[in-house]
Amino acid sequence: MADYSTRLRLALQVTNENPNTWGVVLNTGVFELLEYSVAGELELSLASGNATLTTANGAVDEARAAVIKVTATGGVARTVTIPSVEKVYRINNAGTSVVLVKTSGGTGVSVLQGTTADIYCDGAECWRTGVCGWGKLSSTTPANASTQFDLALTVTGQAFSECLIRFIGAGRSGASGQPTLKLSHDGTTFSSNSITINSGNTSTGYGGLWIPGYRNPSFAVSVTADNLSSDNGLEASIALADYRAALRFSTGISHARIATPSGTFNGTGSVEVWLK
């Protein structure tokens, strides 16, 4: 009876099996499949839904690929389920939304759109070992007539090390004063006892916080209060109408809330969340 390896499902020779034909089995059931597991790329479309990678003993399958290029995601978060065996994958997310890579019983790790990540599976859970560049998590347009909206800054599974919030306008009606940005460490619980950042003339950073002039050297901020050690979050006042403004910080913060002190948002512009 034929036997196969556990991880890559390669054909194994059994005593007295395949006399005079083992060379054919070795070529098609081992060498060609092994080459695909080292250097082969699978193009996978998730435009219509999630996918579970196919497996086949001694024959071509999807799960043996070294590189998986997700070509489409349909604009919504998708999941790729891999076999529960030890293996390393390189995932290229060329879609337009987040892709979660997981085993059937694991939590998994997220690969953001526009990024390539190395994923290691230990047979039960997946771990992200490296990511190329910043990846976009979301783009949110404030609802018309709303006074505030929240942004999730985390993903399923292993966390990222840095977060960038990019402001591409946020149109308002009947409003005065800049909108405020609050960051929370514990979900949508936002404290008023926090760092406050206002539009200013000097650029500054503190405790892993960096607020750059994104493509605009004239944009800067100044820290006016310091209560980050209380772990209650961060609050900022930033010119959201300036598409070049951005806020970058180390992770450990789970959500952001943007609110207008007067008037309402009018359903224009957007705010993007990027992770690295």
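Here the structure is a predicted model, which is why all the values come from computation and not from measurement.

Reading guide: rules and limits
Residues numbered from 1 in each chain as written. Predicted model: local features only at pLDDT ≥ 70, side-chain atom pairs only at ≥ 80, totals over all residues. Heavy atoms only, no water. Helix = DSSP H or I, 4+ residues; strand = E, 2+ residues; numbered from the N terminus. Expected span 1.5 Å × (residues − 1). Buried < 20%, exposed > 50% of the residue type's maximum accessible area, 1.4 Å probe, protein only. Contact = heavy atoms within 4.5 Å. Patch = residues over 30% accessible without salt bridge, like charges linked within 9 Å, V, L, I, M, F, W, Y side chains within 5 Å. Areas by Shrake-Rupley, 256 points an atom, 1.4 Å probe, with all protein chains shown as cover. Salt bridge = Lys/Arg side-chain N within 4 Å of Asp/Glu carboxyl O. Phe/Tyr/Trp six-rings, centres within 6.5 Å; stacked < 30°, edge-to-face > 60°. Lys NZ or Arg CZ within 6 Å of the ring centre and 35° of its normal.

*Asks:* So what's going on with helix 1 (residues 22-39)? Residues and values would help.
*Replies:* Its 18 residues give helix 1 an end-to-end C-alpha distance of 24 Å, which sits within 8% of 26 Å, the value for a rise of 1.5 Å per residue. For helix 1, the set of buried residues is Gly29, Val30, Leu33 and Ser37. Structurally, helix 1 contributes buried residues whose contacts are with strand 2 (11-12) and strand 7 (86-93).

*Asks:* Break down a nonpolar patch on the surface for me, citing the residues and quoting the values.
*Replies:* Nonpolar side chains collect at one region of the surface, where Val88, Tyr120 and Trp127 lie side by side and expose about 290 Å² of accessible area between them. With respect to the helices and strands, the residue Trp127 is situated in strand 11 (residues 126-132). Given the relative accessible area of 42%, Trp127 is considered partly exposed.

*Asks:* With reference to specific residues and values, describe the pattern of salt bridges.
*Replies:* Taken as a whole and judged by the stated rule, the model has six salt bridges. A salt bridge links Glu86 to Arg7; its shortest N-O distance comes to 2.6 Å. Of this pair, Glu86 sits in strand 7 while Arg7 sits in the loop between strand 1 (3-4) and strand 2, and the two are 79 residues apart along the sequence. Accessibility expressed as a relative area gives 36% for Glu86, which makes it partly exposed. For Arg90, the salt bridge identified is with Asp118, shortest N-O distance 2.6 Å. A residue pair is termed long-range when its members are at least 10 positions apart, and Arg90 in strand 7 and Asp118 in strand 10 (residues 116-122) qualify at 28 residues. Within this structure, Arg9, Asp61 and Arg64 form a network of salt bridges that share partners.

*Asks:* Describe in detail the packing of aromatic side chains, supporting the description with residues and values.
*Replies:* Summed over the entire model, instances satisfying the criterion amount to one aromatic pair. On the numbers, 5.4 Å between centres and 75° between planes, the contact of Phe149 with Phe265 is edge-to-face. Here Phe265 lies in strand 24 (residues 264-265) and Phe149 lies in strand 13 (residues 148-152), a separation of 116 residues in the sequence. Note on Phe265: relative accessible area 0%, which makes it buried. If you follow Lys87 out to its NZ or CZ, it ends over the ring of Tyr89, 4.2 Å from the centre. Seen from the ring of Phe160, Arg128 lies directly overhead, with NZ or CZ sitting 3.8 Å from the centre.

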